[in-house]
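Chain and residue survey
One-letter residues, chain by chain:
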Amino acid sequence: MKYIFNPSFKSLEKQIRNFVNNFDTTGILFGDGQRNKIKLFDLENKTINIKSFKIPNIINQVAYKYFRKSKARRSYEYANKLLENGIGTPQPIAYAENFKLSGLEKSFYISEHLQAELTFRELVLQPDYPDHENILRQFTRFTFDLHQKGIEFLDHSPGNTLIKKEANNAYSFYLVDLNRMNFHDMMDFDSRMKNFNRLTPKTEMLAIMSDEYAKLYGKKYDEVFAKMCFYTNDFQTKFHRKIARKKKLLFWR
């Protein structure tokens, strides 16, 4: 197993290696663990989060060994890049990769575990969530900051932004599930609007985000709203077609 550690956690390397080596039998499962498995461990009076990525198919095993960085490595490197740009994400601690002759087998991303009051998903599911519009507008400003810094978070979806309440009705935002990102010198208008497409199908939420983004970007609200709705509707259509195809395949099996 190859490890790369954040220098700040190098003194705890032995304990962290032990957590990874005994991942299957120790730790507290976080989430449903259906695809990738996340477990929590206690380390020096803090909780850390270890994500074990699903073993890739044989083609990707070879690709991750010779041609592409693993999801664990990308998560670690992107987390550091986000922090360098002043973007919130749980503190990266390390990543580990286990290679066989055929390619990458197991890989792990280790970070601090962040306790947050909510994710963006609660805003979608609970329209009467306290301070709903204020949080949504602050989230839009957070996303605008990402775009201004050329950061395209490809998994900008409801469960991947943790939200913490601070003093005076201010909120902090932290990105998780980081292995799919693009970094640009500049993001154009369409790329920015498309980056909202996975967040919510609710027109009233899109209206608030469009209003806030238009003020920040210096475009007319109608133009921002139309484009944001276009990409959201396009995503929803493709998503529901995909679900329908899967149901049809299951029916015929």
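Residues numbered from 1 in each chain as written. Predicted model: local features only at pLDDT ≥ 70, side-chain atom pairs only at ≥ 80, totals over all residues. Heavy atoms only, no water.

Section: a nonpolar patch on the surface
- There is a patch of nonpolar side chains on the surface, built from Val62, Tyr66 and Phe67 and spanning about 360 Å² of accessible area.
- If you trace the backbone, phenylalanine 67 turns up in the loop between helix H2 (58-66) and helix H3 (71-84).
- Judged by relative accessible area, which is 68%, phenylalanine 67 ranks as exposed. (Patch = residues over 30% accessible without salt bridge, like charges linked within 9 Å, V, L, I, M, F, W, Y side chains within 5 Å. Areas by Shrake-Rupley, 256 points an atom, 1.4 Å probe, with all protein chains shown as cover. Salt bridge = Lys/Arg side-chain N within 4 Å of Asp/Glu carboxyl O. Helix = DSSP H or I, 4+ residues; strand = E, 2+ residues; numbered from the N terminus. Buried < 20%, exposed > 50% of the residue type's maximum accessible area, 1.4 Å probe, protein only.)

Regarding the sheet that holds strand S6 (residues 103-112)
- Read from one edge to the other, the open sheet built from six strands follows the order S1-S5-S6-S4-S3-S2, with strand pairing classed as antiparallel. Looking at the sheet topology across the chains shown, the edges are occupied by strand S1 (2-5) and strand S2 (28-30). On average, each strand axis in the sheet is tilted by 25 degrees relative to the strand beside it, whichever way the strands run.
- Of the pairings in the sheet, the one linking strand S5 (residues 92-100) to S6 comprises seven bridges and is antiparallel in character. Across the sheet, the residue bridging to phenylalanine 99 is leucine 104, located in S6.
- Those strands touched by H2 are S5 and S6, and its axis lies near 65 degrees from that of S6.
- Across the sheet, H3 lies against S1, strand S4 (46-53), S5 and S6, angled at about 160 degrees from S5, the strand it touches most. (Pairing = 2+ DSSP bridges. Axes fitted to C-alpha atoms, helices over the stretch in contact; angles between N-to-C directions. Contact = heavy atoms within 4.5 Å.)

Re the sheet that holds strand S7 (residues 118-119)
- Sheet architecture is open: three strands sit in the order S7-S9-S10, paired in antiparallel fashion. This sheet does not close on itself; its edge strands, each paired only once, are S7 and strand S10 (171-175).

Considerations on the packing of aromatic side chains
- According to the stated counting rule, one finds 18 aromatic pairs in the structure shown.
- Note on tyrosine 76 and tyrosine 95: the rings are 5.4 Å apart at their centroids and 50 degrees apart in plane angle, and the pair reads as tilted. Taken together, the positions of tyrosine 76 in helix H3 and tyrosine 95 in strand S5 put the pair 19 residues apart, joining distant regions of the chain. The two residues tyrosine 76 and tyrosine 95 agree in class, both being buried.
- By way of ring pairs, the aromatic residues Phe144, Phe189, Phe196, Tyr213 and Tyr217 are connected into one cluster. (Phe/Tyr/Trp six-rings, centres within 6.5 Å; stacked < 30°, edge-to-face > 60°.)

Brief notes about H2
- When H2 is considered as a whole, its buried residues turn out to be Gln61, Ala63 and Tyr64. Buried residues of H2 fall within an arc of 165 degrees about the axis and therefore sit on the same side. Those residues of H2 that are exposed and aimed more than 90 degrees away from the buried face are Ile58, Ile59 and Tyr66. (Arc of directions from axis to C-beta.)

Things to note about a positive patch on the surface
- Taken together, Arg35, Lys54, Arg198 and Lys242 make up a surface patch of like positive charges.
- Locating arginine 35 in the fold gives a position in the loop between S2 and strand S3 (37-43). (Lys, Arg positive; Asp, Glu negative; His and termini not counted. Charge placed at Lys NZ, Arg CZ, Asp CG, Glu CD.)

Bear in mind that shape data such as this cannot, by itself, settle questions of function.
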